[in-house]
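# Structural description and commentary
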Number of protein chains: 2
Amino acid sequence: MSTLDREIVATTEDVDRRLAAAAGAADEWGQWKPRRRADALSAVADALDARSAELVAAAMQETGLAEARLVGEMKRTTVQLRMFADLLRDGSYLRVVIDRHDPEFVLGPRPDLRRWLIPVGPVLVFAASNFPFAFSVAGGDTASALAAGCPVLVKTHPGHPETSRRTAEIVRSALAGNGAPEGTFDVIAGKEAGVQALRDPRVSAAAFTGSVAGGRALFDIAASRPTPIPFYGELGSINPTVVTLEATRERGAQIAEGFVGSFTLGAGQFCTKPGVLLLPNDTDIPDQLIKLVADVPPARLLTAAIAERYQERTDQLAQVPGVRALVTGGQVAHPSGVPAVTPTLFHAGSVQNLYRHRDVLLEENFGPSAVLAQYDSDDDIVRILTAVEGTLTVTVHTSETPGPAEQDRLTRLLDLAAKRSGRIVFNQWPTGVSVTPAQQHGGPYPATTAVSHTSVGTAAVERFLRPVTYQNAPDDLLPPALREDNPWRLPRTVNEPGQAQRWH
Amino acid sequence: MSTLDREIVATTEDVDRRLAAAAGAADEWGQWKPRRRADALSAVADALDARSAELVAAAMQETGLAEARLVGEMKRTTVQLRMFADLLRDGSYLRVVIDRHDPEFVLGPRPDLRRWLIPVGPVLVFAASNFPFAFSVAGGDTASALAAGCPVLVKTHPGHPETSRRTAEIVRSALAGNGAPEGTFDVIAGKEAGVQALRDPRVSAAAFTGSVAGGRALFDIAASRPTPIPFYGELGSINPTVVTLEATRERGAQIAEGFVGSFTLGAGQFCTKPGVLLLPNDTDIPDQLIKLVADVPPARLLTAAIAERYQERTDQLAQVPGVRALVTGGQVAHPSGVPAVTPTLFHAGSVQNLYRHRDVLLEENFGPSAVLAQYDSDDDIVRILTAVEGTLTVTVHTSETPGPAEQDRLTRLLDLAAKRSGRIVFNQWPTGVSVTPAQQHGGPYPATTAVSHTSVGTAAVERFLRPVTYQNAPDDLLPPALREDNPWRLPRTVNEPGQAQRWH
């Protein structure tokens, strides 16, 4: 069964009609009291939970992902909807600041100024292949944009059309059941439909999770519009992992197991897959890795297109001079028609060789392959981390309680890691991204196209908000969030007169 | 005297050397404790104050702006440096969030996660023509980027080269005197030099204040780099003003005076100049405006290029069918060689005509000209506000205490105003932007290229920061901002275990 032929591509008129509905819904949905939107998001979570068995079954068939993984992903999806609902109930995300009228302000009388954040308008979400729930129709981008008060139009991924259709129906119906205006949420399918929507003036922002090539093409469209819009793209990431000599001595076997588990998890189809491993020269971990990798059973890839691209990129890596395959994975047929594969592990030959061929070896290969190299010195590590482009994560394995010498050596490495990435992981693995307020899922280009933002965690809502200030407004004409009696009971910062005297 | 021939354009090598120095300074400047950077910014403010007489004299000669205005602008510049210094001393701008390890987290064990904001890296600032201090070498973009911990390279404006050079010398020397690494701050001159720097991989973000054409060209360069960077451009704004019938009856003469004062302030060379005035049909304010505008004395424009462009645009407006000049301004010679002008006031003929020719009439004309139109109904106002592109401000003059009927009619108008702008001004004028935490100086394109940000007020620092999360880090390896004992004494949000139980 091919999944692709079941996708019903949106016509030009479909896209236009849905965008008109989204634009029509923007005022009402955006002006709801946050607690009312919170209740609607909670209702969406409940509705998805109520039909999770059916959704998981559809996704299993379409993606080949295991049931346990999909059940977990569905839970993540509903938990994050509830997390955003709580963010709305708290209200501090609106960042209300009131500067009171100050006739003695140092630069001349300061008027009463009241600032808060409002929704940017309709958001276009491009769903991902590898998370049929959590980065798809009702995933984090959708949840955060709806939370912000923006209508959402999702361009579904062709890898799981039936899952997408059913999820969409549940979301639409739960929103409608809670009084959300028609057009608050909808989906379209088809590449051309996505591009048409991205070019449309009614779309105010877009979010994307996918490949560097696809994401960059869409980013370029968003930036070259007559009215450019923000494009929050999460593209590709190599996620380098560095292991200190002390760590290999302390728990080499555990590190070997953890690495293989992480890079082959979900058939290596995670944006946080550790793609490059830097080990000291003096370790037998490579031998352990060979054994462990050889034991990993075949796993189906998500789509035929991903399988094809993975084969091409893996062949390309194998042909790099000096690179040798420690384990060469294979393909086996799978009833779905999309092949299953076993993992491939390359040795770069040397750090010098890894650096020399960095354009190929330090670029993401989506699927269960990884490259290891062995370093002689800290300079070798620095050289590679400097050559790495923007990445979602850098992982460092150190001894559990690093002594002063190890710490000293790590300092330079960690400075570099912060420059290159959005998250630095210690003695754990980058796959498995916790959905929580302090999470950062982002990083310098090409990890993302917007380094100041995250697509996981509550801070994701900030992508879809913009500030508006009211100056000297009669109280009755202010939005409720800014009124003197604070009817929405929002947390707020109030700056009284006299604040600026110290700035003379 | 032409000012242009005194600008010393940077060579390719100059630009390269300064960028290398900026990149070299980024680690140290960015890793300073915020309070230490605060002291350096305060020192810059003190040094500018100490030499303000000399700087004001240079700026008077180069820009033709009046002494009182320039003294005030210098004060604004040093006040805003001190305001950012205080922001650094407070530390909440770093937005530290700590999620503690939670073995019972609803989605599986949550690791210890600690998030804060770090500087993006070297920032390129394009200085503006119309604010030789506040939006120039030591202006808001520079102050906010330095505060964030980013080295700054300013591309100076050719309209005030000597002022720029002297300001730069003072800033550089005050920073060096406070131990800032070489390369923390520098300037370059010349259009080509600016483009070269914008294309350079060592530049991480850019800020710009200027024209739509110039800003868009630079935005396009920033977006089309192999590694795109954020470009915070403030381009052009029409700043519509709407006056209700009730307001005209209550204080028509005061509104007429206020409008003329605002649109001719600084020879109309403010990005917040109210360029379009919507009056009810039933008012004699137009007659009052004619008298007031005719009395405005000539004022020198900033540069010959601005004068030329202003003449072209004003001629273009005059030639729009149905438009008539209520007052036709003139040009008089000025010893500087840059002409002085008297203001021009157009009547659009009708709201219908204003709408029909919106591409010309609703586009910014930088200089002392404005267009008025008279409406019959609220629908007329809505039509024009809908046709207006993104704008920094919308101003509304209402009666001092609007009754229910006036409020009802205003609601739709204010919703539209929030969609179109970043600041809504009531019964005051948009020129004169208060530098204060609740300020918002931004708006949808083309007002700015980044609607979620401001270039005035403390929130401007957010443009130059990005989040990094540390997962499961040994305390000794964390940056001081995230360590358990909080050595920098930063305000922080700590999420204890158990938080997620309600998300089930």
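Since this is a predicted model, take the numbers as computed values, not measurements. Each residue is numbered by its place in its chain's sequence as written, counting from 1. Written order decides the labels, with chains lettered from A and ligands numbered from 1. Totals for whole chains, interfaces and linings use every residue, but because this is a predicted model, local features are given only for residues with pLDDT of at least 70 and side-chain atom pairs only at 80 or more, for both listing and counting.

## A look at the overall build of chain A
Operational definition: Numbering of helices and strands runs from the N terminus, with a helix taken as a DSSP run of H or I at least four residues long and a strand as a DSSP run of E at least two residues long. With C-alpha atoms as the basis for the radius of gyration, the globule rule is written as 2.2 Å multiplied by the number of residues raised to the power 0.38. Exposure classes come from backbone-placed C-beta atoms, where a residue is buried if 20 or more other C-beta atoms lie within 10 Å of its own, exposed if 12 or fewer do, and partly exposed in between. By definition, residue pairs are in contact when their C-beta atoms, positioned from the backbone, come within 7 Å.
Check the secondary structure of chain A and you find 15 helices and 19 strands. Over its C-alpha atoms chain A spans a radius of gyration of 25 Å, differing by no more than 12% from the 23 Å that the globule rule assigns to 504 residues. Overall size of chain A, expressed as C-alpha extent along the three principal axes, is 75 × 60 × 40 Å. The burial tally for chain A puts 59% of its 504 residues in the buried class. Counted over contacts in chain A with a minimum sequence separation of 6, partners at least 24 positions apart contribute 78%.

## Observations regarding the environment of Val433 of chain B
Residues and elements named next belong to chain B. One can find Val433 in the loop between strand S17 (423-426) and strand S18 (465-471). In sequence terms Val433 and Gly457 are 24 residues apart; their C-alpha atoms lie 9.3 Å from each other. Excluding residues that lie within four positions of it along the chain, Val433 makes contacts with Thr272, Gln439, His441 and Val456.

## Some details on the interface of chain B and chain A
For clarity, the threshold we go by: The classification used treats Ala, Val, Leu, Ile, Met, Phe, Trp, Tyr, Cys and Pro as nonpolar, Asp, Glu, Lys and Arg as charged, and all other residues, Gly among them, as polar.
Listed as interface residues are 65 residues of chain B and, on the opposing side, 64 residues of chain A. Where the side of chain B that touches chain A is concerned, the elements lending two or more residues are helix H4 (67-90), strand S1 (96-99), strand S2 (113-119), helix H8 (212-224), helix H15 (404-420), S17 and S18 of chain B. Among the elements that make up the side of chain B that touches chain A, the one with the highest residue count is S18 of chain B (7 residues). Taken together, the residues of the side of chain B that touches chain A break down into 34 nonpolar, 19 polar and 12 charged.

## What to know about the relation of the copies chain B and chain A
Inclusion rule: When the copies are overlaid, the least-squares fit takes in C-alpha atoms only where the residue has pLDDT of at least 70 in both copies.
Rotating chain B by 180° and moving it 0.0 Å along the rotation axis overlays it on chain A with an RMSD of 0.0 Å. Here the transformation between the copies is reduced to the relation of a two-fold axis. Proximity to the rotation axis, assessed at the C-alpha, singles out Ala223 of chain B in chain B; its C-alpha lies 3.3 Å from the axis. The residues that chain B uses at the interface reappear at the interface of chain A in 98% of cases, marking a shared surface.

## Considering the nonpolar core
Quick note on the threshold: To form a nonpolar core, buried Ala, Val, Leu, Ile, Met, Phe, Trp, Tyr and Cys residues must be joined through C-beta atoms within 7 Å.
Core analysis: the biggest nonpolar cluster contains 300 residues, and Leu41, Val44 and Ala206 of chain A together with Leu41, Val44 and Ala206 of chain B have the highest contact counts within it. With near-sequence residues (within four places) excluded, Ala206 of chain B lies in contact with Val123, Leu124, Phe126, Leu198, Ala222, Ile229, Phe231 and Tyr232 of chain B.

## A word on the packing of helix H9 (residues 245-264) of chain A against helix H10 (residues 285-294) of chain A
All names here are of chain A. So the rule is basically this: Lines fitted to C-alpha atoms define the axes here, with helix axes fitted over just the stretch in contact, and angles between the N-to-C directions of these axes take values from 0 to 180 degrees. Roughly parallel means an angle under 35 degrees; roughly antiparallel, over 145; roughly perpendicular, 65 to 115; everything else is oblique. Less than a right angle of anticlockwise turn of the near helix away from the far helix marks a crossing as left-handed, whereas a clockwise turn marks it as right-handed.
Contact geometry of H9 with H10 gives a least axis separation of 9 Å together with a crossing angle of 30°. In terms of axis orientation, H9 runs roughly parallel to H10. Both H9 and H10 take part in a crossing whose hand is right-handed. In contact with Thr248, Gly252, Ala253, Ile255, Ala256, Glu257, Phe259 and Val260 of H9, H10 contributes Ile285, Gln288, Leu289, Leu292 and Val293. In terms of residue class, the contact of H9 with H10 is built from 9 nonpolar, 3 polar and 1 charged.

## Concerning the sheet that holds strand S13 (residues 340-341) of chain B
Residue and element names in this part refer to chain B. The criterion, for reference: Pairing between strands requires that DSSP locate at least two bridges from one strand to the other.
Taken together, 3 strands build an open sheet; the order of strands is S10-S13-S12 and the sheet is antiparallel. Unpaired on one side and paired on the other, strand S10 (299-300) and strand S12 (331-332) mark the two borders of the sheet. When S12 meets S13, the two strands line up antiparallel, connected through 2 bridges. In the sheet register, Gln331 faces S13, and the bridge partner there is Val341.

## What about the sheet that holds strand S9 (residues 276-280) of chain A?
Judged by pairing direction, the sheet is mixed, and its 11 strands sit side by side in the order S11(A)-S14(A)-S15(A)-S9(A)-S8(A)-S16(A)-S17(A)-S18(B)-S2(B)-S1(B)-S19(B) without closing on themselves. What marks the edges here is a single partner per strand, and that holds for strand S11 (324-327) of chain A together with strand S19 (492-495) of chain B. In this sheet, adjacent strand axes meet at a mean angle of 20° when their direction is disregarded. Where helix H11 (residues 304-318) of chain A meets the sheet, its contacts fall on S11, strand S14 (344-347) and strand S15 (369-375) of chain A, and the angle it forms with S15 of chain A comes to roughly 25°.

## Structural notes on the domain arrangement of chain A
All names here are of chain A. Note the following rule: Source of the domain bounds: an automatic or database domain assignment.
Once the domains are mapped, chain A shows domain 1 (4-235 + 450-465) and domain 2 (240-426). A separation of 32 Å is found between the C-alpha centroids of domain 1 and domain 2. Here the side of domain 1 that touches domain 2 is composed, by residue class, of 1 nonpolar, 5 polar and 2 charged.

## Looking at the pairing of S18 of chain B
Walk down a regular strand and you will see the side chains alternate between the two sheet faces. With 7 of its 7 residues buried, S18 of chain B lies for the most part within the structure. Pairing geometry for strand S17 (residues 423-426) of chain A and S18 of chain B, over 3 bridges, is parallel. Across the sheet, residue Val425 of chain A finds its bridge partner in S18 of chain B, namely Gln471 of chain B. As defined by bridge partners, S2 of chain B adjoins S18 of chain B across 7 bridges and the pair is classed as antiparallel. Bridge pairing in S18 of chain B links Trp116 of chain B to Val468 of chain B.

## Brief notes about unusual backbone geometry
Residues and elements named next belong to chain A. With omega at 5°, the peptide bond leading from Tyr445 into Pro446 counts as cis. With respect to the element layout, Pro446 can be found in the loop between S17 and strand S18 (465-471). Even without glycine at this site, Ala267 takes up a positive phi of about 55°. Residue position: Ala267 is located in the loop between H9 and S9. Of the residues examined, Ala267 has 26 C-beta atoms within 10 Å and is grouped as buried.

## Quick look at the environment of Ser237 of chain B
Residues and elements named next belong to chain B. Tracing the backbone shows Ser237 in the loop between strand S7 (231-234) and strand S8 (240-243). With 152 residues separating them along the chain, Ser237 and Glu389 place their C-alpha atoms 8.2 Å apart. Apart from residues no more than four positions distant in its own chain, Ser237 is found in contact with Cys271, Thr272, Glu364, Thr391, Leu392, Gly443 and Ala447.

## Structural notes on the packing of helix H2 (residues 34-50) of chain B against helix H6 (residues 161-177) of chain B
Residue and element names in this part refer to chain B. At a minimum axis separation of 9 Å, H2 and H6 run at an interaxial angle of 135°. With respect to their mutual orientation, H2 and H6 come out oblique. Once H2 is placed against H6, the crossing between them reads as right-handed. Only Ile170, Val171, Ser173, Ala174, Leu175 and Gly177 of H6 make contact with H2, whose side of the interface consists of Ala40, Ala43, Val44, Ala47 and Leu48. Partitioning the contact of H2 with H6 into residue classes produces 9 nonpolar, 2 polar and no charged.

## Some points on the confidence of the model for chain A
Any segment with low pLDDT has predicted coordinates that should not be analysed in fine detail. Residues and elements named next belong to chain A. Rules: The quantity called pLDDT is the predictor's confidence in a given residue, expressed from 0 to 100.
The pLDDT averaged across chain A works out to 95; a share of 99% of its residues lies at or above 70. Taken together, the stretch residues 1-5 has pLDDT below 50 and engages in 8 contacts with residues farther than four places along the chain or on a different chain. Among the prediction metrics, the complex's ipTM stands at 0.96, with pTM recorded as 0.96.

## Quick word on helix H10 (residues 285-294) of chain B
Residue and element names in this part refer to chain B. Keep this limit in mind: Directions pointing from the helix axis toward each C-beta atom define the arc.
All of the buried residues along H10 are Ile285, Leu289, Leu292 and Val293. The buried residues of H10 occupy one face: seen down the axis, they fall within an arc of 95°. Along H10, the residues that are exposed and aim more than 90 degrees away from the buried face are Asp287 and Lys291. In the core, the buried residues of H10 are packed alongside helix H9 (245-264), strand S9 (276-280), strand S11 (324-327) and strand S14 (344-347).

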